[in-house]
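Each chain, letter by letter, is given below.
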Amino acid sequence: MKTSVLKLVCLLVVLAAVLALMPLDSIAGQTVDDHRVSFLIFNRPEGDKTYELTLTIPQTLYQYYTQKSHYVFSSRDFSKFVTPQAFQRVADTLWQLYDNPEDFTNAVLTIVHQITYEETIPSFYPVETLVRGKGDCDLFVYIAASILEAGGINTVLIFYEEQAHMQLGVDLGHPPADARVEACYVDYQNVYYYIAECTGSAWRTGWRVGECSTTYQNVSFQVSPLIGMEKTSIGQISANLRELDSSTINLQVSPSFMLESTELTISGQILPITPNENVTIRAQIPNQGWVTVATILTQQDGRFNCTWTPLSVGPIDLQASWIGNSQYNGASSNSYNIVILPLYFVALLIVAAVAVFMFAVLFIKLRHRRPQLPPEVSEPESQIITNPEIPQETPDAMPESFENTANS
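Calculation notes
Residues numbered from 1 in each chain as written. Predicted model: local features only at pLDDT ≥ 70, side-chain atom pairs only at ≥ 80, totals over all residues. Heavy atoms only, no water. Pairing = 2+ DSSP bridges. Helix = DSSP H or I, 4+ residues; strand = E, 2+ residues; numbered from the N terminus. Axes fitted to C-alpha atoms, helices over the stretch in contact; angles between N-to-C directions. Contact = heavy atoms within 4.5 Å. Core = buried A, V, L, I, M, F, W, Y, C linked by side-chain atoms within 4.5 Å. Buried < 20%, exposed > 50% of the residue type's maximum accessible area, 1.4 Å probe, protein only. 1 Å grid on protein atoms, 1.4 Å probe; cavity = no way out; pocket = protein on both sides within 12 Å on 5 of 7 lines; lining within 4 Å. Points joined across faces, edges and corners; volume = space filled by probe spheres on them. Nonpolar A, V, L, I, M, F, W, Y, C, P; charged D, E, K, R; others polar.

(A) Structural context of the sheet that holds strand 7 (residues 185-188). Read from one edge of the open sheet, five strands run 7-8-6-5-9, paired in antiparallel fashion. Pairing within the sheet leaves two strands with one partner each, and these edge strands are strand 7 and strand 9 (222-225). Averaged over neighbouring strand pairs, the angle between their axes works out to 35° when direction is ignored. One ladder, built from three bridges, connects strand 6 (residues 165-170) with strand 8 (residues 191-196); its direction is antiparallel. What sits directly across from Gly-169, in strand 8, is Ile-195. Each of strand 5 (155-160) and strand 6 is contacted by helix 7 (residues 137-150), which is oriented at about 15° to strand 6, the strand it contacts most.

In structure tokens form, the structure reads like this:
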């Protein structure tokens with residue numbers, strides 16, 4: 001009797017354990033669709049083309065990682081959350097677009113910068129973070145490291161214990177060319193690993209590899225090599241890359257010539273029609289370069305308009321641009337040139353006009369005062385009138401009296 005009861009208890013324990021490990025959706029006889037997430041990436045920093053990267057995460061892969069251990073006892077456990085095998089297809093897809101490690105890395109940073117920031121405890125695996133759609137610095141680092149390692153780019157984890165922050169170190173093989181500041185790096189085992197800040201919400205203009213906040217410069221940190229990262233995976237994330245549709249933006253400015261401190265009218269339109277999008281108006285001002293003068297929201301027909309009062313003088317180039325959205329690539333208009341005339345130029349024109357007028361009046365008066373000479377009287381030319389009824393004498397026919405006188 002006791003043996004039968006013991007067997008029954010063991011059977012119930014085993015059954016409970018099996019049920020506990022089975023997903024609830026399988027118990028209910030339901031199937032859960034795979035998870036899809038999308039990100040936007042550029043063909044290069046400040047590039048002219050935008051692509052949509054769609055990742056499809058199998059439900060079975062997501063369940064696999066939810067059942068793995070999430071405990072972190074020391075910094076050595078960080079690397080177990082880096083799972084390059086699961087991201088192999090993602091890396092292969094990105095290499096179709098980029099041809100160097102720096103552009104590849106900046107694209108990966110663009111991806112993690114689009115994930116919502118939320119302080120998270122405990123840690124999660126990259127697949128879990130993608131499905132959850134939120135995370136914090138270490139979770140973003142795990143995703144970036146997984147993709148980079150799958151793409152054949154060596155990385156290390158950089159942990160700031162006092163600041164409770166984590167960054168990624170990337171072995172580019174050369175200093176980054178697109179960093180907008182002096183590139184930051186850590187020297188680990190005679191290799192320069194350039195800083196990759198994975199936390200940031202301004203993904204279009206966010207941190208690039210080599211750039212680092214001053215908060216984490218000249219402070220102590222710990223480098224963690226990826227000794228314990230995952231070597232195998234039961235599945236992989238699939239990836240699809242699609243270039244966004246093209247768009248155009250036109251610009252009209254009136255007038256082309258104007259005086260300083262005069263209001264200028266700026267208008268234009270985005271095509272295809274895209275309402276509620278921000279259009280940036282920039283002006284190239286002498287001795288200042290390109291500066292943003294206005295940001296305008298498009299109307300329902302895609303049109304925009306505003307006024308601007310230039311404070312400088314001289315030639316100015318104006319240009320309109322928009323960054324695009326999830327459907328269309330951004331675009332920039334042709335430059336429109338205007339000339340701003342200084343106020344003293346009007347005074348010079350008035351003075352010049354008055355001077356010309358006075359000179360014309362003086363010239364007319366002097367012309368009327370000149371003495372008028374009487375007209376010359378020309379004598380009529382002498383003419384020989386021939387009467388056809390009177391015979392004409394010739395030198396051989398002289399009068400008889402004259403001939404007799406001559407003889408005597």
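(B) Quick look at the nonpolar core. Core analysis: the biggest nonpolar cluster contains 54 residues, and Leu-94, Leu-130, Leu-168 and Ile-237 have the highest contact counts within it. No other element matches the eleven residues that helix 7 contributes to this core. The contact partners of Leu-94, leaving out residues within four places of it in the chain, are Ile-41, Leu-53, Phe-104, Val-108, Ile-111 and Ile-147. Counting 24 residues, the second largest nonpolar core, distinct from the first, contains Leu-251, Val-279, Leu-318 and Ile-338.

(C) Representation of the layout of surface pockets. Looking at the largest pocket, its volume works out to about 810 Å³. Contributing to the lining of the largest pocket are 33 residues, with Phe-42, Glu-46, Gly-47, Arg-204 and Ile-323 lying nearest its centre. Looking at the lining of the largest pocket, the elements that each hand over two or more residues are helix 5 (101-112), strand 14 (278-285), strand 17 (314-324) and strand 18 (329-332). Element by element, the count of residues in the lining of the largest pocket is highest for helix 5, at five residues. Of the residues in the lining of the largest pocket, the class split is ten nonpolar, 14 polar and nine charged.

(D) Highlighting the sheet that holds strand 2 (residues 50-57). Taken in spatial order, the three strands of this open sheet run 1-2-10, and their pairing is antiparallel. Looking at which strands have only one partner, the edges of the open sheet turn out to be strand 1 (35-42) and strand 10 (238-243). Taking the axes of each pair of neighbouring strands and ignoring which way they run, one obtains an average angle of 20° across the sheet. Where strand 2 meets strand 10, six bridges bridge the pair, whose relative direction is antiparallel. Paired with Leu-53 across the two strands is Leu-241, which belongs to strand 10.

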